[in-house]
Amino acid sequence: MNVTIEPYYRSLQGPLVILGEPGTGKTTLLHELATALCSANESDPIPVPFGLSNWALKEQPLAEWMVSELRRNYGVGSELAKSWVSREVVLPFFDGLDEVPAANRNACVKRINEYRADHPGVRFAITCREAEYKDLDAAIDVRCIVVVRTLSRADVSTYLEGNAAKFLGLRQALHAEPALWELMRTPLMLWVGAFVFEHGPGLDLTVGKPIRDQLFERYVDIMLKRDRGQDAQGREDPFPFPVARVWLQRTAECTTRASVFSFHLEDLSPEWLPKANQREAIWAMRIVFGLVFGLVFGLVVGLAGGLGSGLVFGLVFWLAGNLVLEGLVGIEPDPVDAMAWSWGRGTFGLVVGLVVGLFGWLGAGLVFGLVFELVVGLVLGLVVGLSFGLVTSSVQERTSVNSGLKHSAVYAGVVGLPFLLLAPLARLMPADLAGATTGAGVAVGLLLALDKGGEFCIKNLTMRCVLARQKCIPWRYEAFLRFCVERVLMIRQGGSFRFIHRMLQEHLAARPLSTEPQDNLPT
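Residues numbered from 1 in each chain as written. Predicted model: local features only at pLDDT ≥ 70, side-chain atom pairs only at ≥ 80, totals over all residues. Heavy atoms only, no water.

### Concerning the overall build of the protein chain
To keep it simple, the criterion reads: Counting from the N terminus, the helices are the DSSP runs of H or I reaching at least four residues and the strands are the DSSP runs of E reaching at least two. Three labels apply to residues, based on accessible area from a 1.4 Å probe with only protein chains included: buried if under 20% of the type maximum, exposed if over 50%, partly exposed otherwise in between. Values of accessible area rely on a 1.4 Å probe in the Shrake-Rupley scheme; residue burial ignores everything except the protein chains shown.
Summing up its helical and strand segments, the protein chain has 22 helices and 10 strands in all. Out of the 523 residues in the protein chain, the part that is buried amounts to 49%. Accessible surface, the protein chain: about 25200 Å² in total, of which carbon and sulfur atoms supply 60%.

### Concerning the packing of helix H12 (residues 241–257) against helix H22 (residues 502–510)
We apply this condition: Between the N-to-C directions of two axes lies an angle of 0 to 180 degrees, each axis being a line fitted to C-alpha atoms and, for a helix, fitted only over the stretch in contact. An angle counts as roughly parallel when it lies under 35 degrees, as roughly antiparallel when it exceeds 145, as roughly perpendicular when it falls between 65 and 115, and as oblique in every other case. In what follows, a contact means two residues having at least one pair of non-hydrogen atoms within 4.5 Å. Classification convention: Asp, Glu, Lys, Arg as charged; Ala, Val, Leu, Ile, Met, Phe, Trp, Tyr, Cys, Pro as nonpolar; all other residues, Gly among them, as polar.
Across the interface, H12 lies against H22 with an axial gap of 8 Å and an inter-helix angle of 105°. The orientation of H12 relative to H22 falls into the category roughly perpendicular. Contacts between H12 and H22 involve Leu248, Gln249, Ala252, Glu253, Thr255 and Thr256 from the former and Gln505, Leu508 and Ala509 from the latter. Of the residues in the contact of H12 with H22, the class split is four nonpolar, four polar and one charged.

### Re H22
All of the buried residues in H22 are Arg502, Met503, Leu504, Gln505, His507 and Leu508. Those residues of H22 that are buried are in contact with strand S4 (125–129), helix H10 (187–199), helix H11 (211–225), H12 and strand S10 (496–499).

### Observations regarding the packing of helix H3 (residues 62–74) against helix H4 (residues 78–86)
Helix packing for two helices is described by the angle between their axes and how far apart those axes are. Applicable threshold: A clockwise turn of the near helix away from the far one marks a right-handed crossing, whereas an anticlockwise turn of less than a right angle marks a left-handed crossing.
Between H3 and H4, the shortest axis-to-axis distance is 9 Å and the interhelical angle comes to 135°. When the axis of H3 is compared with that of H4, the two are oblique. Crossing of H3 against H4: the hand is right-handed. Here H3 contributes Ala63, Met66, Val67, Leu70 and Arg71 to the contact with H4, which in turn contributes Ser78, Ala81, Lys82 and Val85. Tallied by class, the residues present in the contact of H3 with H4 amount to six nonpolar, one polar and two charged.

### Structural notes on the sheet that holds strand S9 (residues 490–493)
As a reminder, the rule being used: Strands qualify as paired when DSSP identifies two bridges or more between them.
Sheet architecture is open: three strands sit in the order S6-S10-S9, paired in antiparallel fashion. With partners counted over all chains shown, the strands left at the sheet margins are strand S6 (263–264) and S9, one partner each. Contacts from H12 reach S6, S9 and S10 within the one sheet, and its direction differs from that of S10 by about 100°.

### Concerning the pattern of salt bridges
Put simply, the rule is: One side-chain nitrogen of Lys or Arg within 4 Å of one carboxyl oxygen of Asp or Glu is enough to make a salt bridge.
Throughout the structure, instances matching the rule amount to 13 salt bridges. Two residues, glutamate 6 and arginine 10, come together in a salt bridge whose shortest N-O distance is 2.9 Å. Taken as a pair, glutamate 6 and arginine 10 lie in helix H1 (residues 6–10) at a separation of four residues, close to a single helical turn.

### Examining unusual backbone geometry
The phi torsion at lysine 471 lies on the positive side, around 60°, for a residue other than glycine. Tracing the sequence through the fold places lysine 471 in the loop between helix H20 (431–469) and helix H21 (477–486). For valine 488, which is not glycine, the phi dihedral falls at a positive 55°. Residue placement: valine 488 occurs in the loop between H21 and S9. On the accessibility criterion, valine 488 (34% relative accessible area) is partly exposed.

### Looking at the side chain of arginine 498
How we decide: Identification of polar contacts relies on pairs of N or O atoms within 3.5 Å, with a donor-acceptor requirement for protein atoms, meaning one able to donate a hydrogen and the other able to accept it, and with residues adjacent in sequence counted only if both atoms are side-chain atoms.
By the secondary structure assignment, arginine 498 is in strand S10. Judged by relative accessible area, arginine 498 falls into the buried class, the value being 17%. Polar contacts involving the side chain of arginine 498 include one to the side chain of glutamate 99, which spans 3.0 Å. In this view, arginine 498 contacts Glu99, Phe261, Ser262, Met490, Ile491 and Gln493; residues no more than four positions away in its chain are not counted.

### Regarding the confidence of the model for the protein chain
Using the following cut-off: Every residue carries a pLDDT, the predictor's confidence in it, which falls somewhere between 0 and 100.
Residue-level pLDDT values for the protein chain average 78, and 70% of them are 70 or greater. Per-element averaging of pLDDT across the protein chain places helix H16 (residues 362–368) at the bottom with 50 and S4 at the top with 95. Scored below 50 in pLDDT, residues 325–331 shows eight contacts in the model against residues more than four places distant or in partner chains.

### Quick notes on the side chain of glutamate 130
Within the secondary structure layout, glutamate 130 lies in helix H6 (residues 130–134). Once residues within four sequence positions are removed from consideration, glutamate 130 is found in contact with Leu19, Gly20, Val147 and Arg149.

### Quick word on the state of the cysteines
Here is the rule: Any two cysteine sulfur atoms within 2.5 Å of one another count as a disulfide.
A full pass over the atoms with the stated rule returns zero disulfides. Sulfur of cysteine 108: no disulfide; nearest cysteine sulfur belongs to cysteine 128 and is 9.6 Å away. A relative accessible area of 0% places cysteine 108 in the buried class.

### Examining the sheet that holds S4
Pairing is parallel across the open sheet formed by five strands, whose spatial order is S2-S3-S4-S1-S5. Edge strands, defined here as strands with exactly one partner in the open sheet, are strand S2 (46–51) and strand S5 (144–148). Direction aside, neighbouring strands of the sheet carry axes that sit 20° apart on average. Across six bridges, S2 lies against strand S3 (residues 90–95) in parallel orientation. Paired with proline 49 across the strands is phenylalanine 93, a residue of S3.

### Some thoughts on the packing of aromatic side chains
As a reminder, the rule being used: The rule is short: rings of Phe, Tyr and Trp, with Trp giving its six-membered ring, pair when the centres are within 6.5 Å, and they are stacked under 30 degrees, edge-to-face over 60, tilted in between. Our definition puts a charge over a ring when NZ of Lys or CZ of Arg is within 6 Å of the ring centre and also within 35 degrees of the ring normal.
Evaluation of the coordinates by the stated rule reveals 15 aromatic pairs. Note on phenylalanine 50 and phenylalanine 94: the rings are 6.0 Å apart at their centroids and 40° apart in plane angle, and the pair reads as tilted. Here phenylalanine 94 lies in strand S3 and phenylalanine 50 lies in strand S2, a separation of 44 residues in the sequence. Exposure class is identical for phenylalanine 50 and phenylalanine 94. Each is buried. Plain terms: the ring middles of tryptophan 65 and phenylalanine 94 are 6.4 Å apart, the flat faces sit at 40° to each other, and that makes the pair tilted. Taken together, the residues tryptophan 65 in helix H3 and phenylalanine 94 in strand S3 connect sequence positions 29 residues apart. Assessed through its relative accessible area of 0%, phenylalanine 94 is described here as buried. Aromatic ring contacts, followed pair by pair, group Phe50, Trp65, Phe94, Tyr115 and Phe124 into a single cluster. Lying over the aromatic face of tyrosine 9, arginine 123 brings its terminal NZ or CZ to 5.0 Å of the ring centre. Across from the ring centre of phenylalanine 241, 4.8 Å away, lies the NZ or CZ of lysine 225, which sits over that ring.

So this is what it looks like as structure tokens:
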């Protein structure tokens, strides 16, 4: 059963497509091929696996998407990633074309063929389920396709006889129930079956439930029940078996509903919710962001022009914040993972901001006074100038959990805090300038903090609260995901999580939901 496609791949003059039924080991073959090629000549391209499941998020040209994935999952700097892709230093191995949503799959194939035309010398490899590949409108432009066949009865027998004592339970079950042979035709189900019969009693074949579903359920139960009790600090298990099973199933339902197979905590979105509840999440983000937006402007106007003016302008800008966000529905802010200063962009933004602030608010200055106009001009000039000059980028390095949220919060604080410190310094100024100076410092600081990471933090944390409130995820979601990784139910890849196999995710998403009352479900 030890099969390698390395010799066949080396004999090819072009890319390779690997097809097969679910669970036949396509991904395993792809990774084994990448590992084998890593030991080759140093002048050869570097084989790098890319999961295609999230390509549909932006539908970028494949080369651009590869650059973002190198930054996101492998911590490669932006310029180096661009150089590697353009100079064909990277040998891409694309895994899971079938995991791209069906509505976007043909567009993905088009991008792959465009990449093939632009880089004819790159001998990439790509995996896909056989049935989904046959349903494509157009095939991938390759000459060679490998189809991974299912295991024969002789293959299964040879594998089980290699460790007769360990696999005794499964061998006895196959002898008693010949229908099991058909299910053992893929390496995944053979491994699951061997594990289940090694760690527990046989299946109840009289209940009328499909054997595959029974195997998956028994596997989940075994993994969730093992190593129970108190943790190293003597605390009670935070996720008792019935609760953990419900949260695992709801994670499968949410990710399947959103057509997500690998996700970061920064990727949580309204699509995780049932369609009837998605508007609630969108409105929650509007209201929270609008309140912060209105608070900023209400505070600066209140400090410069009095409490009454602050309340009026706060209400106006709260409504404006909601209307702005209304126009941006569906456009999610990216995390801020890096920041750099551009003198050209900063100077241009500063000039534009000062001109708009000083002349555009001339009428307001006649009403509220010269000081008000100068404050608004200064605020707009600094905000626009610094917003233009401070160039942010996302997914430079997403190799740890929650790094995008943490980096965004840090950068928001770094750019905003210095201006907030103007408030205590304002006490040294004359009384007629103190309020205006305080307001300007607070406004610039808060607006820059929102623009350079704060907005993402607000929306992402709001989304997590909405999902937890709807009982889609537990409040301690990161801890739960790590708990699932420890029990070999999910895999952590850098800062992302996914189920150990898409078949397990689909099984959990399709089974009837637990009858645990929602109001009594611990979080």
